[in-house]
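Spelled out, the chains give:
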Amino acid sequence: MRGDFKATVFAAGCGDAIMLEAHSKVVMTDIHYRRGQAQDTGNDDVPDFAPDIRKACGDHHLDVFVSTHPDKDHVGGFCEIFHCGHPDDWDPDPEDDEPKIIVDEIWCSPYGANPHYVTDQAKPLVDEIKRRQRLQGTAEASRAGNRLVVMDTTTHVSGELATGFSWRLLAPTPAEWDIAKAPEGCPPTSSNPTSLVIQWTIKRNWGINQFLILGDTSVEVLERLEKEVHAKNPDHLAWHVLVAPHHCSRRSIGRVWNGGCVDEEFEESSEALKALGEQQGKGFVVASTRRVVRGGNTPPSWHAKQRYLRILANGGTIDDEVKARFRCTGGNDATDKPAHVQFNLTVLGPSLAASGAPAKIGLGGSGAAVGGGGSYG
């Protein structure tokens, strides 16, 4: 059923692909998709999530695609699933595949609409954004399949997709998206600080479900959010589910030194962690990455995971119940088998769906539902 009350963080390797379904609306944030190899080009034992997206968008229309920033692990495979081009050119009956999905509306930052450099993976989406930009100011611009919203915190603050399905934009500011272009011959400037940071609130009767999705935002952006937003309005950063920024990277919550070649070369930022610490009830942190292993390649970072576990423990002991609320799309505990992390959105807050829930936090048991209170490594 379209708009079922669900949230899914797809197993997309070290990349983001997040779907929210509620109140007859479907929203995707980012995509990292390779046909039949959604996790790793050398691993065939991975979930292909295109059918899940098609099922959610039963009428071949996605309401909104949010592009946090144009890095390849957030835009790859866009045109494998979604239609690129004018909606009149959409093929409802292709010979060798399922029909692609028309994206009614795309959201991006000003940097995302005009990036300094474009990878092969980013080009299809960037071209689609530019096609829609050229239509702005015409009657065609308001048509489903042509709509584009270019946003930052000065132009867009908050709004509703439907009654009970609202959003709040927290980043980027103009200073954060207007990054300097790297000189000719130098490595490109990271687009991570330009990421859209959005708090989503989905109401279910008298209860709410809140998600904080931050793309690959940087420690500097989070420190700004602590000073300018969290210190004044902590509820603007509240969450029941936090998607760990930059695939559980250290560089969103602290700084590294000596090149950051090993995970230990890290100093956390108390301000960034405060900005991320507005957990409601017994929440969940989801890492969209390979399984977190101490001493492994970063991201994900073992040390960053420990900081998220402290947030989940909320001053208490990091016991098995707390550890079970840190979910990783690339595997958890002793297994590296990738699996989607899915939540049912309920009057009591998000609950881990049965397909992804370990026995110790199965639906109906302790910790199953959240209460309404309370690149580089």
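Residues numbered from 1 in each chain as written. Predicted model: local features only at pLDDT ≥ 70, side-chain atom pairs only at ≥ 80, totals over all residues. Heavy atoms only, no water.

### Quick look at the state of the cysteines
And then number 1: By the definition in use, this model includes 1 disulfide.
And then number 2: Sulfur-sulfur distance for the disulfide between Cys79 and Cys84 comes to 1.8 Å. Linking Cys79 and Cys84, the disulfide has an S-S dihedral of approximately -85 degrees and is accordingly described as left-handed.
And then number 3: Look at Cys84 and you get partly exposed, because its relative accessible area is 29%. (Disulfide = S-S within 2.5 Å. Buried < 20%, exposed > 50% of the residue type's maximum accessible area, 1.4 Å probe, protein only.)

### A look at the pattern of salt bridges
And then number 1: Applying the stated criterion across every chain, the model contains 14 salt bridges.
And then number 2: Two residues, Arg224 and Glu176, come together in a salt bridge whose shortest N-O distance is 2.9 Å. Here Arg224, found in helix 7 (residues 219-230), pairs with Glu176, found in helix 6 (residues 174-177); they are 48 residues apart in sequence, far enough to count as distant.
And then number 3: By relative accessible area, Arg224 is classed as buried at 14%.
And then number 4: Looking at Glu176, the relative accessible area reads 11%, which means it is buried.
And then number 5: What you see here is one network of salt bridges that share partners, running through Asp88, Glu140 and Arg143. (Salt bridge = Lys/Arg side-chain N within 4 Å of Asp/Glu carboxyl O. Helix = DSSP H or I, 4+ residues; strand = E, 2+ residues; numbered from the N terminus.)

### Topic: the sheet that holds strand 3 (residues 25-29)
Whether parallel or antiparallel, the strands of a sheet pair through hydrogen bonds between backbone atoms.
And then number 1: Here 8 strands make up an open sheet; going across it, the order is 6-5-4-3-2-1-16-17 and the pairing mixed. Among the strands making up the open sheet, the edge pair consists of strand 6 (147-150) and strand 17 (349-352). Direction aside, the axes of adjacent strands within the sheet are offset by 20 degrees on average.
And then number 2: Here strand 3 pairs with strand 4 (residues 61-66) via 3 bridges, running parallel. Of the residues in strand 4, the one forming a bridge with Thr29 is Val66.
And then number 3: Sitting on the sheet, helix 5 (residues 123-135) touches strand 4, strand 5 (102-108) and strand 6, and the angle it makes with strand 5 is about 90 degrees. (Pairing = 2+ DSSP bridges. Axes fitted to C-alpha atoms, helices over the stretch in contact; angles between N-to-C directions. Contact = heavy atoms within 4.5 Å.)

Geometric descriptors of this kind do not, in isolation, establish any biological role.
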